Amino acid sequence: MPIFVCALFLPYTVDFHDLAVPARNPSPPPQLPSYKESVHDMHAKASLFPNQTRPSTPATDADPAEFFSQMQPCAAKSSINNQPRALVRSDFHVPGWGRGLAFNQPSSHASQFPPEMILGSAPTPQPEIPSPARRHSLKEARTSRSRKEGKQWGLEWSIEPAEQGNGGLFNAIRATQRSGNIDDILWLGTVGFPTDELEEITKQEITEKLESEYESLTVYVSDSDFDGHYVHYCKTILWPVFHYQMPDHPKSKAYEDHSWKYYENLNQAFADKIVKSYKRGDIIWIHDYHLLLLPKMVREKLPDAQIGFFLHTAFPSSEVFRCLAMRKPLLEGILGANLVVFQSSEYRQHFLTTCSSLLVVEATADGVQLEDRFVNVLSLAIGIDPHGLRLARSDPQVQEWINVIVERYKGKKLIVARDKLDNVGGVRQKLLAFELFLKKYPEWKDKVVLIQVATSTTDHPELSATVSDIVTRIDSQFSSLAHQPLVFLRQDIAFSQYLALLSVADVLMVTSLREGMNLTCHEFVICQDSSHCSKKHGTLILSEFTGSASVFKDSVTGHFDLSINPWDYQQTARAIKNALEMDEAEKEYRYKKMRDVVVNHTGEYWFNNLSESLAKVHNEHYMRDTMSVPRLSISQLSSKYRAAKFRVFILDYEGTLASFSAPTNIQFSGPQRVLDALNDLLDDDANIVYVMSGRMPEELERLFERVPGLGIIAENGCLMRGFMSDEWVAFADLDKMSEWKNSVKTMLQYYRERIEGCRIEERHCSLIFRYDKACDKQTAARLAGECANHINDACSNQRVHAIPIDKAVLIEPIDWSKGSAAAHILDGLKGHNSKETGQFPDFLLVAGNDREDEVIFRWANKLAATNVIRNVTTVTVGKRNTEAMATLTQGTSGKLSLSLSLDLVL
């Protein structure tokens, strides 16, 4: 079935041909090109030398920047041979939207935004929505201006590989397509350049060609919408926050409210396109932080759709994420998906904690429980395409550059790095650590060279000035006529040079301050197989703040710890020394472990696992949805009841047998009818009946004093009174319960003092922090979520967890539940005569309505699946998603008991 892959940029764009230049050949047909041919042709075009001369080794004192210079703009292109389906760079370091170097495309006509100084900003205007007549007038004006400028967009154009986008995603999906595991992919995104100047007929032609030949659906938005979304919200607000760089520049504050509307507009345009193109059974995958609102927008229109969301960047801790003004809409947008996936377990945990804290919902190990459905949350790191990379390395240009670099730096140890020159890349920290290394270990200053490729897609003048000072200082202190220990390139390099550097490097150094997944590490491992030069088994110095650190943790730690904190310059300097002096056996050992990870956890493996996980959770969600769970058939249940010889009933109290009531109210609504029904069931000697509740034993004894012989499960499974018994059994150690309750009450008191109208309810084995009568409900809910996270962090070793419930936080032990109490009951019946039957139960009915009952539903369903008990029925009277086998729509207030009394007993 078709899979929508939704990303901000399509893997394709459009190049408009100058009228004075002969038209280029038509776009290539949609077959996958040969990687070998593609690589060779691409770098014939993107060579450093216009006349296609072979690279030669410059003199020792030649300018390194010229040695690696980028003489042709087309070298900035990301793919091989400009073929739309060829291998592309895993991480694109390209100019921002509307400033492409490689293609002839229209410029942006985005409207003016607020001034950079917040004090100078006028009241935030809403984006103007022009009337049809006004839009026509603006279109005519742009067309007239374009013609005056000599531009007639749309006369001649061709489809080209995009210079923007997620290269890791493109390569992973194409590798999966090449393997034959999937073939029906529909890309959905923008073409990556301003489109206001294009005529509608041109847009339509581009749309039709991309859809018919390149399986791509095009989303068009106005230049103002895209600029406000991408430049002013994504890059100015979301990107810094997601990478722990708080956007404290005044313009960030000025743009926050202003740009949010544009962020919504673009997400809505994507949603409209998906809904228009969707067919029942299609799968929708949404990628990255540009489209955080999209899952919910699609869910609202397509409630049964199969939606997955993958975040390629890091996800910050809740303390950082909460600084976003639109934090709740962003979280709720993500939670529109069936499955949310992150690069590492750390980012996954951050997301769960943030949802629990800000949305006050229950976050479990498997995901987030919303009011009416469950959202699964996983972590699965993306990989690369090793096969495609090997073919790319077979390009003769790569081998030529390997030979040139080896000759130029003969006898030197090479440390290679390629990073964005921004506040996240860690270039400044890396250079300071390298400077310290040269000072602490002077014996290395003439033996090592750091080649730092520092690309820049945005302006960071203060950082650039600081880095320039460090570079100048290193050069003045440690350079000589014969040796330069630092080669600093403020530019990107051709793909052939990049692969050559990875092949000849002794060390790859990654010092990112925060990053999702650095695929350069994976590509470095493939390039270190000694197939193209004598260098092999290079070492990896890796920041612990990258997602890659969790993937390669066993390969960068050990006796020589190469996992670094970039802010610890002493540690990083020692790591450089250890990496350079590591013996061959240790390097080979680490390399083999890294290689195992890279070749087994590929991009193809990643996408296949994503697809399988989404299909699995979607099926589970469908089966648990109350609309999918069948109604309880009283007639069938009655037949099973009469055929059984030994029956067990485990029935929930509040919400099932009786309506919910205040904690101080212990009366049923219609109590006599309920008590009569329970007594009728107990009159049959073949029946064992238990009632379960979160209430304390003393309350339940008073409630059911007129039902002799009734078994009772109290405090959600922590205490139990056996069937036909007066003795209570405490599964939990009450002394230990008192210990953790005393410490937790201290925390709760802190929040109680800050929430007027809240209270603490204490039970034998649990605490409940209630804020249903708080004066400020909004503040109370926010602090309740913070309270739950605080307790979970502080008490994890005490086997206690805090769970947000309706207008309250429940703190209870992890080790006991209604399910564990039910298992104890069944164990007591095995090999033990009950009443006069002397048989094992052949009928089990479990009824409940809320989250505490799901665990006992799972326990009973497992008994049915393994045929331990022949007739098992689990039934819910709640409206939330459930694992129960059936629903009972009659509701509460004793109606379930009445049905049992009339249809089963009589």
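These remarks concern the structure in this document. (Residues numbered from 1 in each chain as written. Predicted model: local features only at pLDDT ≥ 70, side-chain atom pairs only at ≥ 80, totals over all residues. Heavy atoms only, no water.)

**As for the pairing of strand E12 (residues 413-420)**
Inference 1: E12 sits mainly inside the fold: six of its eight residues count as buried.
Inference 2: Relative to strand E13 (residues 448-455), E12 runs parallel, the two being bridged by eight bridges. Among the inter-strand pairings, Leu414 is bridged to a residue of E13, identified as Val449.
Inference 3: As a crossover connection, the stretch from E12 through helix H14 (residues 427-440) into E13 is right-handed.
Inference 4: Pairing of E12 with strand E15 (residues 507-510) involves two bridges; the strand directions are parallel. Following the sheet pairing, Ile415 is matched in E15 by Val507. (Buried < 20%, exposed > 50% of the residue type's maximum accessible area, 1.4 Å probe, protein only. Helix = DSSP H or I, 4+ residues; strand = E, 2+ residues; numbered from the N terminus. Pairing = 2+ DSSP bridges. Right-handed = clockwise from strand over helix to strand, strands pointing away.)

**Section: unusual backbone geometry**
Inference 1: One non-glycine residue, Tyr244, lies in the positive phi region at around 60°.
Inference 2: Here Tyr244 shows up in the loop between helix H6 (223-242) and helix H7 (250-277).
Inference 3: Judged by its relative accessible area of 26%, Tyr244 is partly exposed.
Inference 4: Positive phi values are uncommon outside glycine, yet Met724 reaches one of about 60°.
Inference 5: You can see Met724 is positioned in the loop between strand E21 (719-721) and strand E22 (728-730).

**Brief notes about empty space enclosed by the protein**
Inference 1: In this structure the tally under the stated criterion is six cavities of 30 Å³ or more.
Inference 2: Roughly 80 Å³ of internal volume is contained in the largest cavity.
Inference 3: Contributing to the lining of the largest cavity are ten residues, with Thr190, Phe193, Thr195, Val221 and Phe226 lying nearest its centre.
Inference 4: Looking at side-chain class alone, the lining of the largest cavity contains seven nonpolar, three polar and no charged residues. (1 Å grid on protein atoms, 1.4 Å probe; cavity = no way out; pocket = protein on both sides within 12 Å on 5 of 7 lines; lining within 4 Å. Points joined across faces, edges and corners; volume = space filled by probe spheres on them. Nonpolar A, V, L, I, M, F, W, Y, C, P; charged D, E, K, R; others polar.)

**Looking at helix H15 (residues 461-478)**
Inference 1: Between its terminal C-alpha atoms H15 stretches 26 Å, which fits the 26 Å expected from 18 residues at 1.5 Å a residue.
Inference 2: Residues of H15 that are buried include every one of Leu463, Ser464, Val467, Ile470, Val471, Ile474 and Phe478, and no others. On an axial view of H15, the arc spanned by its buried residues comes to 125°, and they lie on one face. The exposed residues of H15 that point more than 90 degrees off its buried face are Pro461, Glu462, Thr472 and Ser476.
Inference 3: For H15, the secondary structure elements touched by its buried residues are H14 and strand E14 (486-489). (Expected span 1.5 Å × (residues − 1). Arc of directions from axis to C-beta. Contact = heavy atoms within 4.5 Å.)

**Concerning the pairing of strand E19 (residues 687-692)**
Inference 1: Burial within E19 is extensive, with six of its six residues counted as buried.
Inference 2: On E19, burial covers both faces: Asn687, Val689 and Val691 on one face and Ile688, Tyr690 and Met692 on the other are all buried.
Inference 3: Looking at chain direction, strand E18 (residues 647-652) and E19 are connected through six bridges and run parallel. The residue of E19 that forms the bridge with Val648 is Ile688.
Inference 4: As defined by bridge partners, E19 adjoins strand E20 (residues 711-714) across three bridges and the pair is classed as parallel. By the bridge assignment for E20, Val691 is matched with Ile712.
Inference 5: For the handedness criterion, the β-α-β arrangement of E19, helix H25 (residues 697-703) and E20 is classed as right-handed.

**Focus: the sheet that holds E18**
Inference 1: If you walk across this open sheet you meet the eight strands as E22-E21-E20-E19-E18-E27-E28-E29, and the pairing is mixed. Each edge of the open sheet carries a strand with a single partner, namely E22 and strand E29 (886-887).
Inference 2: Those strands touched by helix H29 (residues 851-865) are E18, E19, strand E27 (843-848) and strand E28 (871-876), and its axis lies near 160° from that of E27. (Axes fitted to C-alpha atoms, helices over the stretch in contact; angles between N-to-C directions.)

**Some points on a negative patch on the surface**
Inference 1: On the surface, Glu698, Glu701, Asp726 and Glu727 cluster together into a negatively charged patch.
Inference 2: Looking at where Glu727 falls in the secondary structure, it is placed in the loop between E21 and E22.
Inference 3: Given the relative accessible area of 59%, Glu727 is considered exposed. (Patch = residues over 30% accessible without salt bridge, like charges linked within 9 Å, V, L, I, M, F, W, Y side chains within 5 Å. Areas by Shrake-Rupley, 256 points an atom, 1.4 Å probe, with all protein chains shown as cover. Salt bridge = Lys/Arg side-chain N within 4 Å of Asp/Glu carboxyl O. Lys, Arg positive; Asp, Glu negative; His and termini not counted. Charge placed at Lys NZ, Arg CZ, Asp CG, Glu CD.)

**A word on the layout of surface pockets**
Inference 1: Approximately 1600 Å³ is the volume found for the second largest pocket.
Inference 2: Pro804, Ile805, Asp806, Lys807 and Ala808 are, among the 50 residues lining the second largest pocket, the residues nearest its centre.
Inference 3: Residue composition of the lining of the second largest pocket, grouped by class: 16 nonpolar, nine polar and 25 charged.

**A word on the packing of H14 against H15**
Two numbers describe a pair of packed helices, the interaxial angle and the distance between the axes.
Inference 1: Taken N-terminus to C-terminus, the directions of H14 and H15 make an angle of 15°; their axes are 10 Å apart at the nearest point. The angle between H14 and H15 places the two elements in the roughly parallel class. Between H14 and H15 lies a crossing whose hand is left-handed. Between H14 and H15, the residues in contact are Val427, Arg428, Leu431, Leu432, Phe434, Glu435, Leu438 and Lys439 and Leu463, Thr466, Val467, Ile470, Val471, Arg473, Ile474, Gln477 and Phe478, respectively. (Parallel < 35°, antiparallel > 145°, perpendicular 65-115°, else oblique. Left-handed = near helix turned anticlockwise from the far one by under 90°.)

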